[in-house]
Amino acid sequence: MLERDCQKGNETLTRRGFLKLSILFSISSFFYPFKGISLEQRELPVTLTPKSLMLHSANEPLVEGLAKRLKELNYRSLTYSEMFENIRNGGCIDGKHILLSLDDLSIEWLNPAYSRIVDTFAGFGFNLTLGVVTRGKPSEKAIQGIYKMIGKGCEIAVHTENHIDLGSADLKTVFREISTCYGKIIRFFDVVPSTLILPFGFIYIDSKDPNKGYNQAIFDVCKELKINWVVGIVGGKSFGGKSPFYVGRISPDGKHNVDATLNLLNNSFRGVRSSCNNKLVP
Ligand SMILES: [Zn+2]
């Protein structure tokens, strides 16, 4: 339901909304000048979302066992930007692909658990997408630490400036939260983000009542900034058409159990077929 709504919603940026965004964008560009950025918004065929796992620093006890098992089972990791490029270039997404995302990195202080998690996955050949929150005074150590993670194959995603609920926020707040973080990622890490990880996974105007709908402002801002992926939790089991695309993901087992986590992934992303030949991949 949500993915269908979101894809339809992408087309409905009003003239007033666009003007408002453009003005806000000009103001923001003044503070964070973006040079020579021209990312294209492209169409992708309808594709089932591959298995997708949301990790935090607290999940560290799971990581070594999970990485080892994923390697034994011949899984291949994708970051969101790799997934976009892969599909755009005619590649296939199948049941052996996995999106691994790690949330809540900060530019103020780098919890050493993040570096250990990235190193462990990298040791098994897996790339992660890192959700970075950009509020506060940047520390050289944190910036360098995250910069090193990019060198190990990680993608840096916008996780907003202040980690607030974007679902219930107005357009101005949504724009400020996303574009400030976007600008700082460019400035500090010299990469242009193309993924937004929603704080708390919140996308609905009222997180307790999905019937009130999702917040269109999130998609309008992402479209404006050429952000291709909006990563939440609920729904988002398929995507396609014009970006930005909404995709969901799941939390691992709470007791750091590898088998239980793999079962959760299998049950939540059932029957992922190869996006090329439509064959079911176990
Ligand atoms: Zn978060």
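### Overview of the environment of R76
Here is step 1: Structurally, R76 is set in strand β3 (residues 76–78).
Here is step 2: Expressed as a C-alpha distance, the spacing of R76 and H97, which sit 21 residues apart in the sequence, is 4.9 Å.
Here is step 3: For R76, the contacting residues outside a window of four places in its chain are K96 and H97.

### Focus on the pairing of strand β4 (residues 97–106)
Here is step 1: Burial analysis of β4 places seven of its 10 residues in the buried class, which makes it a mostly covered element.
Here is step 2: Taken together, the five bridges between strand β2 (residues 51–55) and β4 define a ladder with parallel strand orientation. Across the sheet, K51 pairs through a bridge with I98, a residue of β4.
Here is step 3: Of the strand pairs in this sheet, β3 and β4 are connected by three bridges, and their pairing is parallel. Residue pairing in the sheet places S77 in a bridge with I98 of β4.
Here is step 4: Strand direction decides the pairing type here: β4 and strand β5 (residues 129–133), joined by four bridges, are parallel. Of the residues in β5, the one forming a bridge with S101 is T129.
Here is step 5: After leaving β4, the chain enters helix α5 (residues 112–123) and then returns to the sheet as β5, a path that is right-handed.

### Observations concerning the confidence of the model for the protein chain
Here is step 1: This prediction gives the protein chain a mean pLDDT of 87; 81% of its residues lie at or above 70.
Here is step 2: For the stretch residues 1–13, pLDDT sits under 50, and the model shows 27 contacts to residues farther than four places along the chain or on other chains.

### Comments concerning unusual backbone geometry
Here is step 1: With an omega of 5°, the peptide bond between S243 and P244 qualifies as cis.
Here is step 2: Within the element layout of this structure, P244 appears in the loop between β9 (238–242) and β10 (245–247).
Here is step 3: In this structure, N74 is a non-glycine residue whose phi angle is positive, near 65°.
Here is step 4: Position of N74 among the secondary structure elements: in the loop between α3 (60–72) and β3.
Here is step 5: At T160, a residue that is not glycine, the phi angle is positive and equals roughly 75°.
Here is step 6: Looking at the element boundaries, T160 is found in the loop between β6 (155–158) and α7 (171–189).
Here is step 7: Under the C-beta neighbour-count criterion, T160 is labelled buried, with 27 such atoms within 10 Å.

### With respect to the pairing of β6
Here is step 1: By the alternation rule, side chains of β6 split into E155 and A157 and I156 and V158, which are all buried.
Here is step 2: Relative to β6, β5 is paired through four bridges, and the arrangement is parallel. Bridging from a neighbouring strand, G131 pairs with A157 of β6.
Here is step 3: Handedness of the crossover joining β5 and β6 through helix α6 (residues 140–151) is recorded here as right-handed.

Criteria and cut-off values
Each chain has its residues counted from 1, running along the sequence as written. The predicted nature of this model means local features are confined to residues of pLDDT at least 70 and side-chain atom pairs, given and counted, to a pLDDT of 80 or more, with totals for whole chains, interfaces and linings taken over all residues. Note on conventions: DSSP H or I runs of at least 4 residues are helices, E runs of at least 2 residues are strands, and numbering of each starts at the N terminus. Contacts are defined on C-beta atoms placed from the backbone: any two residues whose C-beta positions lie within 7 Å are in contact. Working definition of burial: number of other C-beta atoms within 10 Å of the residue's own, with buried at 20 or more, exposed at 12 or fewer, and partly exposed in between, all C-beta atoms being placed from the backbone. Only when DSSP finds a minimum of two bridges between them are two strands counted as paired. Call a crossover right-handed when, viewed with both strands pointing away from you, the route from the first strand across the helix to the second goes clockwise. Per residue, pLDDT captures the predictor's confidence, and it can take any value from 0 to 100.

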